[in-house]
Amino acid sequence: MADPRPLLEVRDLSVSFRSGGRDLRAVEGIDFSLGAGEVMGLVGESGSGKSATAMALLRLLPDAATIGGQILFEGEDLAQVPEKRLNEIRGRDIAMIFQEPMSSLNPVMSIGAQIMEPMRFHLGLSARDARLRAIELLERVRIPAAERRLKNYPHELSGGLRQRVMIAMALSCKPKLLLADEPTTALDVTVQAQILDLLYELKEETGLSIIIITHDLGVVANFADNVAVMYCGRIAETGPVSAFFDRPGHPYTKALIESIPDDDTSGRLATIPGTVPKLTELPPGCRFAPRCAHSRPACSDILADLYQLEPDHRAACIMPFDYRIPDQ
Amino acid sequence: MFTPTVKIVLGAIVVAIFVLVAIFAPALAPYDPLKQDLFSRLVPPVWDARGSVSHILGTDGYGRDVFSRLIYGSRVSILVGVSSMLLSCLIGTLLGMMAGYNGGRTEQLIMRFADAHLAFPEILLAILVVAVLGGSLINIVIILGVSSWMVYARVVYGLTLSLKERPFIEAGRSHGASASYLIRRHIFPHLLPMIVVVSTLQVAQMILTETALSFLGLGLPPPTPSWGNVLAEGRDRLFVAPWVANSAGVAIILMVWGVNTLGNGLRERLDPKAAGRG
């Protein structure tokens, strides 16, 4: 069953936005690959470029953005294919769910009509078949009284139900890859857990690959196989979840893990001093250096590439913890 | 002054009366609007001491019954008003959606052209075209329609621009919807309320412009009973037979008031924030 070629392979992806006469690089030099049935967590603070990366994969960015590098999906470079081909892939092979389930649904259209849309674009189903399949999908995402729900409008549903509707839409054409852009951020904590459980079950049932974008390391720990941490548009560290949490190499990763609240309620929560620099004011050298507790003079000179720490585990730091970097 | 509901009801009643009159003109008009009767020229209206019941609103300089002419004139006004509104709505909405959705060069081209066109007085353009092509019904409709597409284009452009940024459009793109599908199914329905409001107000505007053109002798050729023509004929004898021009004026005022009141009521009802704005 193992296909030697990964489902998705991203090489040297960059995204820049044209703004006020100059180009701002929101994402640069991103490399990763994702196999069938794998779940990757893309983690970062606001403005780290994680959403821009996800949007770039389907070329959903505004016109002011330019994409560089390669996005190889089943060997086809999505960065190059014409818009028309992209419309065939979007929703059929790669689907996406968004942070705001309220505003991602058209308020003046019944959810039934909206769920049927992708199926009618891609599968050429008749209205009747699409309706039957929509009911099936709503049942699949555990929405009770599915048939009656088809006539509802988005405002009649709760946030959790709306996100389930979005998931049903995303899964309607049996995609191979699901991009989940902070799917639980806008939801209540209890609902968050339900949605994640649902995604996990669906993944197990269908063998779907998922890229989950989040700023919640807890989500990643429970859900993902691999993680990539982004900082200022670059990957700071990437690797399997176990290595990532047990043996972080990058000081940023370590600081993030330390700032997760644990059961020990005494003492102050560890934080990272400072804020993420703006794209217009990036420091020279390592972008994390000004906030890094372990920075040294050389950090301001060298913008480190990803070094291999272990097989599949890489970090972009000149002095990763507990690892020795072989001389290049 | 009035609540939106009162405005909608009042406006709708007035408009409905005019529409019914236009539809049943042959049954309602006591005389043939074109029939001249030189023996009963300039008969004053019924409330005048010299007036007669046979001509409620009197007769004009050719002995034609003013009441009958106004009844038939409502057909022209409504026909011209509605069809030129539809034409400008079609052009303006399409171009406005294209400009708003595509942005970039398309937007620049369409919207700068709209600005330039807006700077050019509508009536002047209409006079120019009628003078060259002549004033038939079709010509008038085309001229009025083409010369006010910018009103729609600008409203639709602005709304499309903000709708385009709504996440459900992005979500639609992520499902593989094409631009034309998104415009048709997801943007257009959101524009409809505003288009209805603008259209109603535009009908009134179109009726006024058509009247003005006819009054200037550039509208429909004279024997045709349009309100502008009746007004123009009345102008020549304003001091001898003021009832001709006055009746036409009152008909125009009532119709335009009715349509505008309906439009304003709809606007306030559909967009409460717009209430009180000019």
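Model, not experiment: these values are computed from the prediction.

(A) Seen up close, the overall build of chain B. Tallying secondary structure elements over chain B gives 11 helices and 0 strands in all. Taken from N to C terminus, the helices and strands of chain B fall in the order α-α-α-α-α-α-α-α-α-α-α. Expressed as lengths along the three principal axes of its C-alpha atoms, the size of chain B is roughly 75 × 45 × 30 Å. By residue count, 49% of the 278 residues in chain B fall in the buried class. If you sum the accessible surface of chain B, you get close to 13200 Å²; carbon and sulfur atoms cover 71% of it. Within chain B, the 15 negative side-chain charges are centred at a point lying 7 Å from the centre of the 21 positive side-chain charges.

(B) Focus on the interface of chain B and chain A. Listed by partner, the interface residues are 17 residues for chain B and 25 residues for chain A. Buried area between chain B and chain A, both sides added, is near 1700 Å², and the carbon and sulfur share of it is 56%. If you sort the residues of chain B by the area they bury against chain A, B:Arg173, B:Ser174 and B:His175 come out on top, with a joint share of 37%. The tally of links between chain B and chain A comes to 0 salt bridges. Linking chain B to chain A there are 10 residue pairs in polar contact (both at pLDDT 80 or more). When its residues are assigned to classes, the side of chain B that touches chain A shows 6 nonpolar, 7 polar and 4 charged.

(C) Highlighting the nonpolar core. Residues A:Leu8, A:Leu138, A:Ile167, A:Leu177 and A:Ile211 are the most contacted members of the largest nonpolar core, which totals 101 residues. For this core, the element with the highest residue contribution is helix H6 (residues 159–171) of chain A, accounting for 8 residues. Residue contributions to this core reach at least three from each of two domains, namely domain 1 (8–224) and domain 2 (234–315) of chain A. When neighbours within four sequence positions are excluded, A:Ile211 is seen to be in contact with A:Leu8, A:Phe32, A:Leu34, A:Met40, A:Leu42, A:Leu57, A:Leu177, A:Leu178, A:Leu179 and A:Ala180. Counting residues in each nonpolar core, the second largest holds 45 residues, with B:Val15, B:Ile187, B:Val230 and B:Val256 among its members.

(D) Spatial organisation of the sheet that holds strand S1 (residues 8–19) of chain A. Residues and elements named next belong to chain A. Spatial strand order, S2-S1-S4-S5: 4 strands in an open sheet with antiparallel pairing. Here the strands that pair on one side only, and so sit at the sheet edges, are strand S2 (22–34) and strand S5 (76–77). Direction of pairing for S1 relative to S2: antiparallel, over a ladder of 9 bridges. Bridging from a neighbouring strand, Ser16 pairs with Arg25 of S2. In the packing of helix H1 (residues 50–57) onto the sheet, the strands contacted are S1, S2 and strand S4 (65–73), and the crossing angle to S1 comes to about 110 degrees.

(E) A look at the side chain of A:Glu117. Within the secondary structure, A:Glu117 sits in helix H3 (residues 111–122). As a buried residue without a salt bridge, A:Glu117 has its nearest oppositely charged side chain in B:Arg185, at a separation of 5.4 Å. Here B:Tyr181 takes part through its side chain, which lies 2.8 Å from a polar atom of the side chain of A:Glu117.

(F) Main features of a nonpolar patch on the surface. Residues and elements named next belong to chain B. Taken together, the side chains of Val19, Leu20, Ile23, Phe24 and Leu28 make up a nonpolar region of the molecular surface, amounting to roughly 440 Å² of accessible area. Counting residues per element, the nonpolar patch draws most heavily on helix H1 (residues 4–23), which supplies 3 residues. Structurally, Phe24 can be placed in the loop between H1 and helix H2 (25–28).

(G) Region of interest: the environment of B:Val129. Residues and elements named next belong to chain B. Position of Val129 relative to the elements: it lies in helix H5 (residues 122–133). Given a relative accessible area of 25%, Val129 falls into the partly exposed group. Once the C-alpha coordinates of Val129 and Ile140 are considered, the two residues, 11 residues apart in sequence, prove to be 9.1 Å apart. Setting aside residues up to four positions removed in sequence, Val129 forms contacts with Gly134 and Ile143.

(H) Structural view of the domain arrangement of chain A. Residue and element names in this part refer to chain A. What the domain assignment reports for chain A is domain 1 (8–224) and domain 2 (234–315). Spacing between the C-alpha centres of domain 1 and domain 2 amounts to 27 Å. Facing 13 residues of domain 1, the contacting portion of domain 2 comprises 15 residues. Of the roughly 1400 Å² buried between domain 1 and domain 2 on both sides combined, carbon and sulfur atoms contribute 64%. When the buried surface of domain 1 facing domain 2 is broken down by residue, Glu28, Glu45 and Leu217 rank first, second and third, together holding 42% of it. As a salt-bridge pair, Arg287 and Glu28 come within 3.2 Å of each other at their nearest N and O atoms. In this structure, the connection of domain 1 to domain 2 is made through 4 residue pairs in polar contact (both at pLDDT 80 or more). Going through the elements one at a time, S2 and helix H8 (217–223) are the ones with two or more residues in the side of domain 1 that touches domain 2. In terms of residue count, S2 provides more of the side of domain 1 that touches domain 2 than any other element does, 7 residues in total.

Rules used throughout
- Residues numbered from 1 in each chain as written.
- Chains lettered and ligands numbered in written order.
- Predicted model: local features only at pLDDT ≥ 70, side-chain atom pairs only at ≥ 80, totals over all residues.
- Heavy atoms only, no water.
- Helix = DSSP H or I, 4+ residues; strand = E, 2+ residues; numbered from the N terminus.
- Buried < 20%, exposed > 50% of the residue type's maximum accessible area, 1.4 Å probe, protein only.
- Areas by Shrake-Rupley, 256 points an atom, 1.4 Å probe, with all protein chains shown as cover.
- Lys, Arg positive; Asp, Glu negative; His and termini not counted.
- Charge placed at Lys NZ, Arg CZ, Asp CG, Glu CD.
- Contact = heavy atoms within 4.5 Å.
- Buried area = accessible area lost by both parts, 1.4 Å probe.
- Salt bridge = Lys/Arg side-chain N within 4 Å of Asp/Glu carboxyl O.
- Polar contact = N/O pair within 3.5 Å; in protein donor to acceptor, adjacent residues only side chain to side chain.
- Nonpolar A, V, L, I, M, F, W, Y, C, P; charged D, E, K, R; others polar.
- Core = buried A, V, L, I, M, F, W, Y, C linked by side-chain atoms within 4.5 Å.
- Domains from an automatic or database assignment.
- Pairing = 2+ DSSP bridges.
- Axes fitted to C-alpha atoms, helices over the stretch in contact; angles between N-to-C directions.
- Patch = residues over 30% accessible without salt bridge, like charges linked within 9 Å, V, L, I, M, F, W, Y side chains within 5 Å.

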